[in-house]
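# Understanding the architecture of this molecule
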Amino acid sequence: MAKQKSNTKKEPLLPVSIEGSRSRSSNKAGRCASILLLSMPLVACSMILGTLYLLVYKMDITISEISISGALADYEPTWQILLLLCSGAFASFIVTISRSIQIGVYHQRNNSAFRGLRLINFIGAITNILAYVGFIILAIYPIDGKNKDYHIFGAYMYFGFMGLYSFFHVFLLWKQWQYSMFSKIIMTVVPVASVLCSVVFAIQQEDGYQYEWFAVALAAIFIGLFVILFLTDRCDDELEEFFCCKKRGPNSRK
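Counting restarts for each chain, with residues numbered from 1 along the sequence as it is written. This being a predicted model, a pLDDT of at least 70 is required before a residue's local features are given, and a value of 80 or more before pairs of side-chain atoms are given or counted; all residues contribute to the totals for chains, interfaces and linings. With hydrogens and water excluded, all non-hydrogen atoms of the structure serve as input to the side-chain values.

## So, the nonpolar core
How we decide: Nonpolar core, defined: a set of buried Ala, Val, Leu, Ile, Met, Phe, Trp, Tyr and Cys residues in which side-chain atoms within 4.5 Å join the residues together. Categorising residues by exposure relies on relative accessible area from a 1.4 Å probe, with only protein chains included: less than 20% of the type maximum marks a residue as buried, more than 50% marks it as exposed, and the intermediate range marks it as partly exposed. Under the scheme used here, helices are H or I runs from DSSP no shorter than 4 residues and strands are E runs no shorter than 2 residues, and both carry numbers assigned from the N terminus.
In this structure, Leu 55, Tyr 132, Phe 135 and Tyr 158 are the most contacted members of the largest nonpolar core, which totals 44 residues. Elements with a contribution of two residues or more to this core: α2 (28–59), α3 (68–74), α4 (78–109), α5 (115–140), α6 (148–173), α7 (181–204), α8 (209–224) and α9 (226–232).

Put into structure tokens, the structure is as follows:
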């Protein structure tokens, strides 16, 4: 019994796909759903990074001289930026929900869940969703408009809730033993760096505009890196288990 527990909690050094995680994608519909889910982190990341690139490239600005809020207010046509941001936010919603379900079903399968862990998982998912709701709000209401307070409120939502989600996710990630040490380190360093950049920007304000850009870019990369977690332990399996109320034993994947 002790030996079995030890094997369960030993992480591989490098990412290794779990055997059997692709067995449910044998039919065409299953393969399409799998590809769609795996693409969501990359879509979310690309859309948000694409927004930042568009602001810098089209407006020919230097990130140390203007904030994202200022660039959003000056960009024309507005619908292009809103389309990219809303698409990225929607993809992030799907990634967040999928990751939360994956975590929950993992602990249910291994009988390792406890009430506090479920609560942290639920609150973490809600905070990240609210973060990107805030991102949409700050994009819709420009900083130089009559609804400036909504923009500021959205900015506080985004940076505040994103920081909380980073903390919750790092804690939950290190409670899962199927991921490699390399994956866990990368998925810890990137969100921590994003939070640190947002803190530096909050302190320096006008003198630290570049840190705001770095914080948002790193947060987008963090979402994009979820593809590593989904490839290691395929998220489409977890969604099927959750929505179809299926249950497997702790030894179903090794």
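## A short note on the side chain of Arg 99
Filter applied, for reference: Definition of a polar contact: a pair of N or O atoms within 3.5 Å, with one able to donate and the other able to accept a hydrogen when the atoms are protein atoms, and with sequence-neighbouring residues admitted only if both atoms are side-chain atoms.
Mapped onto the fold, Arg 99 is located in helix α4. At a separation of 2.7 Å, a polar atom in the side chain of Arg 99 contacts the side chain of Gln 176.

## Here we look at the packing of α4 against α6
What counts is decided by this rule: Angles here are taken between N-to-C directions and fall from 0 to 180 degrees, while the axes themselves are lines fitted to C-alpha atoms, restricted in helices to the stretch in contact. Oblique is the label for any angle not covered by the other classes, which are roughly parallel (under 35 degrees), roughly antiparallel (over 145) and roughly perpendicular (65 to 115). Should the near helix be turned anticlockwise from the far one by less than a right angle, the crossing is left-handed, and should it be turned clockwise, the crossing is right-handed. Contact between two residues is taken to exist if any of their heavy atoms lie within 4.5 Å; hydrogens are not considered. Three classes are used: nonpolar for Ala, Val, Leu, Ile, Met, Phe, Trp, Tyr, Cys and Pro, charged for Asp, Glu, Lys and Arg, and polar for all others, with Gly counted as polar.
Closest axis-to-axis distance for the α4/α6 pair is 12 Å, and the angle between their directions is 30°. In terms of their interaxial angle, α4 and α6 are classed as roughly parallel. Helix-helix and strand crossings are classified by hand; for α4 and α6 the assignment is left-handed. For the pair formed by α4 and α6, the contact residues are Thr 96, Arg 99 and Ile 103 on the first element and Tyr 165, His 169, Leu 172 and Leu 173 on the second. Within the contact of α4 with α6, the residues separate by chemical class into 4 nonpolar, 2 polar and 1 charged.

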